[in-house]
Amino acid sequence: MQFGIFTVGDLTTDPTTGTTVSEHQRVKDTVELAKHVEQVGLDVFATGEHHNPPFVPSSPTTTLGFIAAQTSRLLLSTSTTLITTNDPVKIAEDYATLQHLADGRVDLMMGRGNTGPVYPWFGKDIRDGIALAVENYALLRRLWTEDVVTWEGKYRTPLQSFTATPRPLDGIAPFVWHGSIRSPEIAEQAAYYGDGFFHNNIFWPMSHTRQMVALYRRRFEHYGHGSADQAIVGLGGQVFMRANSQDAVREFRPYFDNAPVYGHGPSLEEFSRETPLTVGSPQQVIERYAAMADSVGDYQRQLFLIDHAGLPHSTVMEQVEILGTQVVPELRRIAAARKPAHVPDAPTHASRLAAARSLEVSR
Amino acid sequence: MTSPLSSQSRPRRVVVVQAGLGQPSSTRLLGERLAAATRDALLERGQEATVDVVDLREHAHDLANALLTGFPSGALREAVDAVASADAVIAVTPVFQASYSGLFKTFFDVLDEGSLRGTPVLMAATAGTARHSLVLEHAMRPMFAYLKAVTVPTGVFAASEDWGGGDPGQGLSTRVEVAAAELADLVSGRAAAAAPARSGTELADPVPFEELLAR
């Protein structure tokens, strides 16, 4: 099972000090965070993509390429890549380039983006969100798998005999996850292609996550990619930890109370009860997240949100340390012990290359 | 033994959503009278009914939270599910600043899309003066029309003077009975609503992907 961090990349004032770091500092801190994720033994670092303040990560492959140069084992991913407003041609080229630079340590998570005003900035209309996700992704797949593409669709200039360069590393496209909170069409899309499905699993009741994953698994089997329990599932999560759980609650509360998404609403206790947010000791996090598989089945990837709402960089680094040294080793052990042999691990470049080679040999 | 009642399907679920804040609240009283009259009117038509009352005051915090988080939690979730699966809704609000109260509107704001589609709704409102009575027609009915609910023709408005007695034959009791009879006619003429779709149930199969691709 893969464990990692996903960042939204928000630039939020620290409510306890009133200070806001500069964009420069936030971008640099993000790189340090990703390097630390590798150092403590976690597997994945994923960055969000946003094109409006208060967020900084508008250019994921620039940042991920820079991180790739300073890491050797870390898998680089996105959370999410905007399949609606980005040109699929540019996605194909950017991430194939990143694949070459990172020697295959790349996958992507497709998302529609939930910020209405962003669409017109890129010449699109949010009412076409699902249709854009469907058409753009269908084109993106062809650009990665076919050397010469002639294509015509609704939302983009037609392509005549077009070749996206560079070609994917070893002829293997990056593995793709599709992220959605409540849109069955996206679970259906992931199932149709046999791609991964990721539920962000933060800010929402677990019942949403369970429903969407169950739908994806059922349709994955329907489309003949394997049994439902072999579908590739990823979950998000949100934690804040200190050795003493009361210390964790005390320290995190002002950040919770003023957080951009849910702040000034429910109490930390209510939100912890209703959503997977867990604020407490490492042991409490282990217990809550080890039980996720009871709701969604054995799954392949768990990402944590730990760096939002104005938390100081030093605190975020401590959280990574706690995850890497105290929480994830135990979660790995529990997940490995319960996972049946026929349930696959998350695909990687190496495993996909091996699968493609064995397919060639068997022909 | 076969009674007229047992020949009918299961009891109809009537849910009162009331936004009164006082204790006692004339808004809640009006809701209860409408519910009792509706139950009686349904019995006359050979149909049993159960009545649940949602006091929005009890959900005020959860309603504000739901606006911010995007999902109703705890007891509010149950109230939302009850309304979404009701055979009939009796919606009662006090008039604040010439319209329904913010609390009342917030509840309908957090319902899932389609929750009230086709649901018979009886509207009622209370205020200190009858000069606010068109709130029923100018604020409440358009909102329920947008939600695709089926509103009964008679809305019931109760001003302070109505609680004092009013003219025999023209008074509050008559309006309550007329509106309840209209609601009972709507409810008894249709099949019982589906069982509540509670959170955690399986999602239906979506549009097959080939169809999405072909659009």
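Residues numbered from 1 in each chain as written. Chains lettered and ligands numbered in written order. Predicted model: local features only at pLDDT ≥ 70, side-chain atom pairs only at ≥ 80, totals over all residues.

### Concerning the overall build of chain B
Then, in step 1: Helices and strands together make up the secondary structure of chain B, namely eight helices and seven strands.
Then, in step 2: The C-alpha atoms of chain B give a radius of gyration of 18 Å, which matches the 17 Å a tight globule of 215 residues would have.
Then, in step 3: Across chain B, contacts joining residues at least 24 apart in sequence account for 79% of those joining residues at least 6 apart. (Helix = DSSP H or I, 4+ residues; strand = E, 2+ residues; numbered from the N terminus. Rg over C-alpha atoms; globule rule 2.2 N^0.38 Å. Contact = placed C-beta atoms within 7 Å.)

### A closer look at the overall build of chain A
Then, in step 1: Within chain A, the secondary structure is distributed over 13 helices and 13 strands.
Then, in step 2: The C-alpha atoms of chain A give a radius of gyration of 20 Å, which matches the 21 Å a tight globule of 363 residues would have.
Then, in step 3: A total of 363 residues make up chain A; the buried ones form 48% of that total.
Then, in step 4: Intrachain contacts of chain A at a sequence separation of at least 6 include 74% that bridge at least 24 residues. (Buried ≥ 20, exposed ≤ 12 C-beta atoms within 10 Å, placed from the backbone.)

### So, the interface of chain B and chain A
Then, in step 1: Counting from both sides, the interface comprises 16 residues of chain B and, opposite them, 22 residues of chain A.
Then, in step 2: Elements that contribute at least two residues to the side of chain B that touches chain A include exactly α2 (60-69) and α8 (209-214) of chain B.
Then, in step 3: No other element matches the four residues that α2 of chain B contributes to the side of chain B that touches chain A.
Then, in step 4: The class makeup of the residues in the side of chain B that touches chain A is nine nonpolar, five polar and two charged. (Nonpolar A, V, L, I, M, F, W, Y, C, P; charged D, E, K, R; others polar.)

### Let's talk about the packing of α2 of chain B against helix α4 (residues 102-109) of chain B
Residues and elements named next belong to chain B.
Then, in step 1: Where α2 contacts α4, the axes come no closer than 10 Å and their chain directions differ by 50 degrees. Considered as vectors, α2 and α4 are oriented oblique to each other. Along this stretch, α2 crosses α4, giving a crossing that reads as left-handed. Listed contacts from α4 to Ala60, Leu63 and Leu67 of α2 are Leu103, Thr106 and Phe107.
Then, in step 2: For the contact of α2 with α4, the class distribution of residues is five nonpolar, one polar and no charged. (Axes fitted to C-alpha atoms, helices over the stretch in contact; angles between N-to-C directions. Parallel < 35°, antiparallel > 145°, perpendicular 65-115°, else oblique. Left-handed = near helix turned anticlockwise from the far one by under 90°.)

### As for the sheet that holds strand β1 (residues 2-7) of chain A
Residue and element names in this part refer to chain A.
Then, in step 1: The nine strands lie next to each other as β3-β2-β1-β13-β10-β9-β8-β5-β4, forming an open sheet whose pairing is parallel. The open sheet is flanked by β3 (75-78) and β4 (81-82), the only strands paired with a single partner.
Then, in step 2: Across four bridges, strand β5 (residues 107-111) lies against strand β8 (residues 175-179) in parallel orientation. Its bridge partner being in β8, Leu108 is matched across the sheet by Val176.
Then, in step 3: Contacts from helix α1 (residues 23-39) reach β1 and β2 (44-47) within the one sheet, and its direction differs from that of β1 by about 170 degrees. (Pairing = 2+ DSSP bridges.)

### Quick word on the confidence of the model for chain B
It should be kept in mind that the predicted coordinates are not to be read in detail where pLDDT is low.
Then, in step 1: Of the residues in chain B, 91% have a pLDDT of 70 or more, and the chain-wide mean is 91.
Then, in step 2: Below a pLDDT of 50 lies the segment residues 1-7 of chain B, which in the model reaches four contacts outside its immediate sequence neighbourhood of four places, other chains included. (pLDDT = per-residue confidence, 0-100.)

### Considering unusual backbone geometry
Residue and element names in this part refer to chain A.
Then, in step 1: Note that the residue after Pro53, namely Pro54, is joined by a cis bond; omega there is 10 degrees.
Then, in step 2: Take Pro54: it is sitting in the loop between β2 and α2 (60-69).
Then, in step 3: Residue Ser79 is joined to Thr80 through a cis peptide bond whose omega torsion reads 15 degrees.
Then, in step 4: With respect to the helices and strands, the residue Thr80 is situated in the loop between β3 and β4.
Then, in step 5: We note that Ser161 has phi near 45 degrees; this positive angle belongs to a residue other than glycine.

### Quick notes on the pairing of β1 of chain A
Residue and element names in this part refer to chain A.
Then, in step 1: Summarising burial for β1: six of the six residues are buried, a large majority.
Then, in step 2: Both β1 and strand β13 (residues 301-304) contribute to a ladder of four bridges, which runs parallel. By the bridge assignment for β13, Gly4 is matched with Leu303.
Then, in step 3: Note: β1 against β2, four bridges, orientation parallel.

### Looking at the nonpolar core
Then, in step 1: Ile5 and Tyr216 of chain A together with Leu34, Val89 and Ile90 of chain B are the most contacted members of the largest nonpolar core, which has 151 residues in total.
Then, in step 2: Tallying contributions element by element places helix α5 (residues 129-145) of chain A first for this core, with eight residues. (Core = buried A, V, L, I, M, F, W, Y, C linked by C-beta atoms within 7 Å.)

### Topic: the environment of Val17 of chain B
Residue and element names in this part refer to chain B.
Then, in step 1: Take Val17: it is sitting in strand β1 (residues 12-18).
Then, in step 2: For the pair Val17 and Phe209, spaced 192 residues apart in the sequence, the C-alpha separation amounts to 40 Å.
Then, in step 3: Excluding its chain neighbours within four sequence positions, the residues that come into contact with Val17 are Val54, Leu56, Val83, Val89, Ala91 and Phe107.

### What about the packing of α1 of chain A against α2 of chain A?
Relative orientation and spacing of two packed helices are given, respectively, by the angle between their axes and the distance between those axes.
Residues and elements named next belong to chain A.
Then, in step 1: Following both chains from N to C, one finds α1 and α2 inclined at 45 degrees, their axes separated by 10 Å at the closest point. The pairing of α1 with α2 is recorded here as oblique in orientation. Crossing handedness for the pair α1 and α2: right-handed. Residues Thr30, Val31 and Ala34 of α1 pack against Thr63, Phe66 and Ile67 of α2.
Then, in step 2: Each residue belonging to the contact of α1 with α2 can be placed in one class, and the counts come to four nonpolar, two polar and no charged.

### Describing the environment of Phe209 of chain B
Then, in step 1: Along the chain, the position of Phe209 of chain B falls in helix α8.
Then, in step 2: For Phe209 of chain B and Trp163 of chain B, which are 46 residues apart along the polypeptide, the C-alpha to C-alpha distance reads 59 Å.
Then, in step 3: Other than its neighbours up to four places away in sequence, Phe209 of chain B contacts Glu188, Gln189 and Tyr192 of chain A.

### What to know about the environment of Trp121 of chain A
Then, in step 1: Tracing the backbone through its elements, the reader meets Trp121 of chain A in helix α4 (residues 118-121).
Then, in step 2: Sequence separation between Trp121 of chain A and Leu140 of chain A is 19 residues; the distance between their C-alpha atoms is 21 Å.

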